Amino acid sequence: MPCRVTNSLILNFWAINEDAVGSSGGYDLLRYMFSQCPEVNYVFWVCSATTNPPSFLERNFTKVNLSKRTVKEEEDVLKKSAVYFLHRSKVLPQLQVRDARVEDNDDLLPILQSSNPNVANGQEEYFLANLIQSQDDQNKFFVGVHKNRPVGMLATSLNINSELLARVFSLEKYTGLISYPDVVINTRPHVTLLVGEPQAVQYLNLSRIADESMCNWIDGAQIRQSDSNLQVSSNFASAVASKIKLLADKKSQSRGCFVTDFPRNEHDARALLHYLREEKIVVDAVIEVQGVEEDIDLEAEEDIAGEYLDAIEILREPFTSADVPHDDFFNYNVTWKKIKLEESVASPEIANDLVLVELKSLLDGYEKEAEALVKSNQAGPSTNAFAISLFSMDEKFESRSEDLLRVAFEEYEGIDYCILMVPNATIPSSALTHGMQCPRVREGVSFDQSLYIIHRQALLAHDFLSVVRLEDSHIELLGGLVTTLDEDDGSDLLATATRSLRDKEVNLANNPAEVCFSVVIGNDVVGVVCLSRKLTTSEDITHFRENYLLDDIISYERHRGRAQAMITHWVINPIYSKWSRFILREVMRYYHKTLLYFHGAKQTRPCSEMLEEMIPVRVRSVVYAKPADMFESKDCSAGYYPACDRPLYVMMKKDIVHRKNVIGKRVVVVGGNSTALSILEQICMNDSRYVNNVYLVMESPPTPWRSSTAENEFDESSDVADNYSGALSPKDIDDYTEQELFALGLANRITLIQGKLSDIDRKNQAIIVSDEVIVEYDVLVVASGLQDVTYKKIPSLSSLHPISCSDKGIFCLGSYHVDMMAINHLRKEGEYPTNKSCSDRIVVYGKGIKALCALGRLEELGIPASRIVWVNPEEGVSEIENEEMNKIATTGLKFSTDDEEESPGTITIYWNSQILDVDYPSHDELIAEGGTGVIDGLSIRKYPPKNSVMGPKDEFLECSTLILCADLQCDVDVFTAINESGLVYDGGVVVDENFRTVDPCIYAVGAFSRYSRRFTDQVSHSRINSRELGEYVASEIITKHFTSESISDDAEFRHNDTLKPPSLTRPKFHKFHRPKIIDCRFPGNVQYFYSSVPDNVPNTKNGYLITGPAVDLSSRVCGVKIAPLGYVSEITCCQLLHPATSAYHRNLAKYIGCLVGWHESYLNSAAFAFESNSVPDWIDFFSGDWVTCLRFDRFPALAEMIRVSLYSDRGMITIMDKVMENAESTALVDVIASARRNILGDRAANVDANTKNVVVAQLLDFIRKNKAYLPKYFLPNPKSSKSS
């Protein structure tokens, strides 16, 4: 039997009630199994020799005769066993495949309609019969027959758009699939004869003509004088022809050649015609130069001139007459030009120019014709493949699809590949595509179909592919695989393979440190896998678990340390890459491993097999509790973000059989903020699906995406930001860092398209990026940021685009890209001279926290305060309503107003002022006076305080930079694209409860989106945690577009201009919980941060529990807001930073802000502690050792377990009953909260002891399981079960 591990399974368990389902139930089970495992042909059942098999197995399985085996008795593991087997054909007989016939139409049409109900829409009644009848050498139609009944069809074609395939898909690794014929067009040099009256030709400067026309000059007179034998016309003509041919054969860089002083007479002309034909030389043009009659001395030159004119006439007839017969070699259709030197030609220079113009014109025309000839003769690429144009199978026989494919390859004997194009929104037959590969589209390309490829040799893998331990003889056979790698990787692979042979005598069961396996077919090595245990020591595994969320997907209790290994090298012929899971299974079986790791390189994309088959692991954010745990440096980002920057992938033994679903739908995400990246993370970091068409559209790509095609124009120094926000704007703590993006490996899965959204074509489901690139989509997510639109109110800027404003030194803040443009402008400002009327001052126009943050960041960049001017459209900083906070936030300004004399080291502030207009040099002024084109200054109007009798005052401020941050709204380009596409915009892009716009394929998410105004009670999207928002939207996309139960897109609704009326039923909005944390640096080295849950409005005047005296500005002010139901809804802190401030206290936003959202009872009864005067400083209170557990990323799981366990606790039920009694008597939340607190008592003093024990037991068990991550917690020794 041709049974191998590649096509066999072992039956472990069988139970069926034949009395209830009959024998058909057993067949149904086996049929389903074979349909799910199309590569399996055999099922074996091994049992004791004395065991009586079940009746169904006994009737249908065949017993194997073990007596004829030549195995030593002591090595025979089956000597007391019985083996039974069942072949696939027993329940799913192999199909007979033949050419389709017209009479098959009635049998095939129902099969086709069952898989595609709409396939016959718009087709003729007998379209399938017509397709069958049209078979020829290019198009074939096969049917699979069972018991004389067609049960499947496969139509193929050789008509393939090879150029489209090569342009759209990355097919370089598929050797021989696309080939380009070598077409060589022999483009010879242009040949011109310069003839005419001797005096007229000699009048020219021929050397200059040769140099300027880039032609070689063949001087007949010089050739004739070099040899006396050349006086004979035949010899002379032969020498000239040889000279022309020699220049053509050398293929010099000259554009051509011209010949002078030949032919001299009639004999030369006839001899030239002979040798042109003999040497196969083509003359392209003749330029005849004629002089005026007065220039010729008839008495002296009459004979010579006459001979020249006779020679010209000999050439004229065959070169220009259409009546002269031509041979097959060339046509004497020569361009003949005449140039007459009139009396007005006063100098040789003018005569030269006339000849040069004519000669260059001839050369240009000849070269254009040659280029057109090359293009017309260039054959396009050819494809070594046939395409599947139609496929359908009866559901019962779908796993026999390969029977049809095998016959198709037999029919196309000289063709190596088969391709299948499937619309992205369609899930192809898994039985047909299980052995096919789906290549990625090229960078920056979007296409509405996915390509599947299979090589004919891949069909041999079922019966001949095997995995063996590397042998000495295999080293030489690795050469073909090594050539696919770069030099360093290839050398490393060979060194590892050679090193692994040192332990070749060590049995794999004894766990050698390094092992290599070869993937072979016959005598050919088609792949190699290298593994090492040296990289999976206990310290390594601890490091991985501390920095990656491995425990979320791996139960380490089930994986011993010796059963784990690291894949160090993986190289396989792409023909067999679909067998990667089988290779992994065999490697794990031979090497006795249950868990494999692959640690990808930082900036090198891992092989596609690792991305498609292995499970990506998310990184974990490690938060420490106290200043003693932090580094002494000011930058403590390493204490919060992962201590590694490489992606990690894993494969467990249990996951081998669960193949990922390949999703072909194109997901296009516009915007590079944390919400957009969070959506991409959720889509890509999944263990059950692989989405291979994901695109990110953004202006300034993060470092992991930067390559030769996506260069970063900014100089991002470490003094700007440690993540991709906060350059000049407030920093969102949840924004991704460069290190985190490297560790996630998103750049390996996502195609970057650098640019901005310009237009949305909903009808064709495409967007236009930067007015140039067209990107098609199946799902579009617009998650771009905000942009200041104050420039629209300034007369001289209202008609400009923000990019044009940036060129003039005017920056509309709101995105990281614009922030970095402004910073780089300021850094380069000193490198060029300023305008004559321009000072070097920087004006910030804005209000509130955003303006203060811009001012503070300018100071951090080293810009002197004396250069900074703040024009504030309001009086004071009203956004920070709390007086204590406001006082410290503004104390660092040390401002001087226009009413005071400006002093060094202070920021000049204009309160309650507005910009009237800006002044910048016009184009004419730049040309006349020079300069950079940046702003000269701006006019402002300062309004007096309220109740003042003074009127407004106008003033002109000289400056070189204007930073706008007063009115942030939707990005102007995004707004234009949305507005023109018909999406609803009402102060923001209107979305439903799932963040879908009126187009079900378009999502809008971020600060620029909003719910319908019917739901004003819902929170603003700008207050939602950016990552939580991205996770929710991604889950909606996955549910509605990626699952088999997804509702198909309503095309009629999407393309209909008439909107459906809104539903009267109130939608169920998702409840967001995580806090949004914003960190700022204000002038004077003041840090201000707030962390607030979405339901809370931050920075309000009242409601805070304040610590820190406002009069002591060396201290800090911190406010905690506790909601009526007891959870912490906001923490706000403002403090002065000093050189001695620790790294921990400089990053309080990270370590304290994450506590918001927890009930105060989790926070050491924060409310009771404050009321008891036990909290002199909230920051110190929240920095205690007890907080460590709450910052641990698994603590929410503990809280959920406690909550579930208390559902059935009697003590908690009693308390809940009392609380509900109070809730039934009043609807006031404050009253209910007060009653709840009285019932529980301070710090749960009234809670039953047994209830407390339930919580304690859960907590101790949690700490015990996570002791490695919580070293600060002491666990008491478990009490003895026996009483002392």
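Residue indices follow the written sequence of each chain, beginning from 1 at its first position. Totals for whole chains, interfaces and linings use all residues, but because this is a predicted model, local features are given only for residues with pLDDT of at least 70 and pairs of side-chain atoms are given and counted only at 80 or more. Side-chain numbers here rest on the full set of heavy atoms in the structure, without hydrogens or water.

**Overview of the overall build of the chain**
Along the chain, the regular secondary structure elements total 40 helices and 53 strands. The cut-offs for exposure are 20% and 50% of the maximum accessible area for each residue type, with area from a 1.4 Å probe on protein chains only; residues under the lower value are buried, those over the upper are exposed, and the others partly exposed. Buried residues in the chain amount to 52% of all 1284 residues. Residues count as neighbours in contact if any of their non-hydrogen atoms are within 4.5 Å of one another. Of all intrachain contacts in the chain linking residues separated by at least 6 positions in sequence, the fraction that spans at least 24 positions is 74%. Shrake-Rupley sampling with a 1.4 Å probe provides the accessible areas, and residues are treated as covered by the protein chains on show and by no other component. With an accessible surface of roughly 61,200 Å², the chain has 49% of that area assigned to carbon and sulfur atoms. By definition, any uninterrupted DSSP run of H or I lasting at least four residues is a helix, any uninterrupted run of E lasting at least two residues is a strand, and each is numbered from the N terminus.

**Some thoughts on the sheet that holds strand E9 (residues 190-196)**
Hydrogen bonding along the main chain pairs the strands of a sheet, whether they run parallel or antiparallel. The pairing criterion is simple: DSSP has to find at least two bridges between the two strands. The sheet built from 5 strands is open, its strands ordered E10-E11-E9-E12-E13 with parallel pairing. In the strand order of this sheet, the two ends are held by strand E10 (215-219) and strand E13 (335-341), each with one partner. Direction aside, the axes of adjacent strands within the sheet are offset by 20° on average. Pairing between E9 and strand E12 (residues 285-291): 5 bridges, direction parallel. Paired with Gly196 across the bridge in E12 is Val289. All axes here are fitted lines through C-alpha atoms, helices being fitted over the stretch that makes contact, and every angle between N-to-C directions spans 0 to 180 degrees. Helix H8 (residues 206-213) rests against E9, E10 and strand E11 (256-260) of the sheet, and its axis sits at about 150° to E10.

**So, the pattern of salt bridges**
Any Lys or Arg side-chain nitrogen located within 4 Å of an Asp or Glu carboxyl oxygen qualifies as a salt bridge. Across all of its chains, the model carries 49 salt bridges by this definition. Its salt-bridge partner being Asp1261, residue Lys1265 comes within 3.4 Å of it at the nearest N-O pair. Of this pair, Lys1265 and Asp1261 both sit in helix H40 (residues 1249-1265), 4 residues apart, roughly one helical turn. A relative accessible area of 62% places Lys1265 in the exposed class. Residue Asp1261 is classed as partly exposed on the basis of its relative accessible area, which comes to 31%.

**With respect to the side chain of Arg1027**
Its location among the elements puts Arg1027 in helix H30 (residues 1026-1042). Residues in contact with Arg1027, not counting those within four places in the same chain, are Ser678, Asp734, Asp735, Tyr736, Glu740 and Arg1074.

**Focus: a negative patch on the surface**
Residues enter patches when their relative accessible area tops 30% and they take part in no salt bridge; the joining distance is 9 Å for like charges and 5 Å for the nonpolar side chains Val, Leu, Ile, Met, Phe, Trp and Tyr. His is not counted here, nor are the chain ends, while Lys and Arg score as positive and Asp and Glu score as negative. We put the charge of a Lys on NZ, of an Arg on CZ, of an Asp on CG and of a Glu on CD. On the surface, a cluster of negative charge is made up of Asp486, Glu487, Asp488, Asp489 and Asp492. Structurally, the position occupied by Asp488 is in helix H18 (residues 487-500). On the basis of relative accessible area, Asp488 is assigned to the exposed category, the value being 61%.

**What to know about the environment of Gly414**
Structurally, the position occupied by Gly414 is in the loop between helix H14 (401-411) and strand E16 (417-423). Separated by 30 residues in the primary sequence, Gly414 and Asn384 have C-alpha atoms spaced 8.5 Å apart.

**Points about helix H25 (residues 816-828)**
Since the α-helix packs 3.6 residues into each turn, any two residues three or four apart lie on the same face. A helix is expected to span 1.5 Å multiplied by its residue count minus one. In this model H25 runs 18 Å from its N-terminal to its C-terminal C-alpha over 13 residues, within 8% of the 18 Å that 1.5 Å per residue would give. Of all 13 residues in H25, 11 are buried; the element is thus mostly enclosed. Taken as a whole, H25 has its buried residues at Tyr816, His817, Val818, Asp819, Met820, Met821, Ala822, Ile823, Asn824, His825 and Leu826.

**Focus on the environment of Ile940**
By secondary structure assignment, the location of Ile940 is in strand E42 (residues 937-942). Classification of Ile940 as buried rests on a relative accessible area of 1%. Once residues within four sequence positions are removed from consideration, Ile940 is found in contact with Val871, Tyr910, Gln914, Ile915, Leu916, Lys953, Asp954, Glu955 and Leu957.

**A look at the environment of Asn1164**
Tracing the backbone through its elements, the reader meets Asn1164 in the loop between helix H33 (1148-1151) and helix H34 (1166-1171). Classification of Asn1164 by relative accessible area gives partly exposed; the value is 32%. Through-space distance from the C-alpha of Asn1164 to that of Val1187 is 8.7 Å; in sequence the pair is 23 residues apart. Not counting chain neighbours up to four residues away, the residues in contact with Asn1164 comprise Ala1169, Phe1181, Trp1186 and Arg1243.

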